[in-house]
Amino acid sequence: MAKTPTAHSDPAPDISVVVPVFDEEGAAPDLAREIARAFAGRRYEMIFVDDHSRDGTVAALKALEPELPALRVLKHRKNSGQSRAIRSGILAARGAVIVTLDGDGQNDPADGPQLVDALLAGPPELALVGGERVKRQDSQAKKLASKFGNGVRKRLLHDTANDTGCGLKAFRREAFLRLPYFDHIHRYIPALMLREGYKVDFRPVNHRHRQTGQSKYTNLGRLWASLSDLMGVMWLQSRARNPGGADEV
């Protein structure tokens, strides 16, 4: 039977970097080293969650553990999708602040600390600082589809996000755990944070060419999933009743 995440005796980190990966044997090791460089000097851990890859992703990451003591590797017992991998990592995380980024190497880990700093410098009700990709290194078709999808989602959900598909985000773990979970939630975290009464903000971040592997999504597949997701999140928004907090009396 596969091992479940275990408790650690060392002091808890302040930041947990969560990276979902699926068939990313080529990208994951270099990405882990980049994360280590980006967060050097901070109390952090990085959690790579393997979504039941068919290649050597897990072996490649496990080989890095002596080199990268902050690295933890989780493996799903069956393929369950990116959102579930992110959630598995957050549930196992020990840091109060979560940083997520995609496992394909297109997000630049060097941008992670600035998002964390912006989050911690904000008011207590600021729960998320998301990245907005500049100079996207994707095909023209993918960029056009993303621009259209972001425009429709922003208009319908009023989530203030220009690029909710950017995997690089920093947010408070406690706030995320208050959100209703569903598949593809990672694209709707800003809207759901606002629904809970939190504030969100965004910062420009770098975007890079994919060096290895291939995208796990198609424009048609993403569009098909987003239609039902949008209706579901709109329903959740319509059913929200926010008391503005609760005071013990």
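Now for a look at the structure at hand. (Residues numbered from 1 in each chain as written. Predicted model: local features only at pLDDT ≥ 70, side-chain atom pairs only at ≥ 80, totals over all residues. Heavy atoms only, no water.)

**What about the packing of aromatic side chains?**
For the structure shown, the criterion picks out three aromatic pairs. With 6.3 Å between their ring centres and 45 degrees between their planes, Phe182 and Tyr188 make a pair best called tilted. With respect to class, Phe182 is no different from Tyr188; both count as buried. Directly above the aromatic system of Tyr181 lies the positively charged group of Arg87, at a separation of 5.0 Å from the ring centroid. (Phe/Tyr/Trp six-rings, centres within 6.5 Å; stacked < 30°, edge-to-face > 60°. Buried < 20%, exposed > 50% of the residue type's maximum accessible area, 1.4 Å probe, protein only. Lys NZ or Arg CZ within 6 Å of the ring centre and 35° of its normal.)

**A closer look at the pattern of salt bridges**
Evaluation of the coordinates by the stated rule reveals 16 salt bridges. Where Glu196 meets Arg195, a salt bridge forms, and the shortest distance between an N and an O atom there is 3.3 Å. The structure contains a network of salt bridges with shared partners spanning Asp30, Arg33 and Glu67. (Salt bridge = Lys/Arg side-chain N within 4 Å of Asp/Glu carboxyl O.)

**A closer look at the environment of Ile35**
Position of Ile35 among the secondary structure elements: in helix H1 (residues 28–38). When the C-alpha positions of Ile35 and Pro113 are compared, they lie 9.9 Å apart, and in sequence the two are 78 residues distant. When near neighbours in sequence (up to four residues on either side) are disregarded, Ile35 contacts Val17, Val19, Tyr44, Met46, Phe48, Leu101 and Pro109. (Helix = DSSP H or I, 4+ residues; strand = E, 2+ residues; numbered from the N terminus. Contact = heavy atoms within 4.5 Å.)

**Some thoughts on helix H3 (residues 82–92)**
Extensive coverage of H3 is indicated by the burial of eight of its 11 residues. Among the residues making up H3, those that are buried are Gln82, Ser83, Ala85, Ile86, Ser88, Gly89, Ile90 and Ala92. The inward-facing, buried residues of H3 contact strand E1 (15–21), strand E2 (44–50), strand E3 (71–75), strand E4 (97–100), strand E6 (169–172) and helix H6 (173–177).

**Focus: the side chain of Ser16**
By the secondary structure assignment, Ser16 is in strand E1. With residues up to four places along the chain from it excluded, the contact list for Ser16 reads Glu45, Ala93, Arg94, Gly95, Val97, Ile98 and Val99.

Interpretation in functional terms is not warranted from these geometric data alone.
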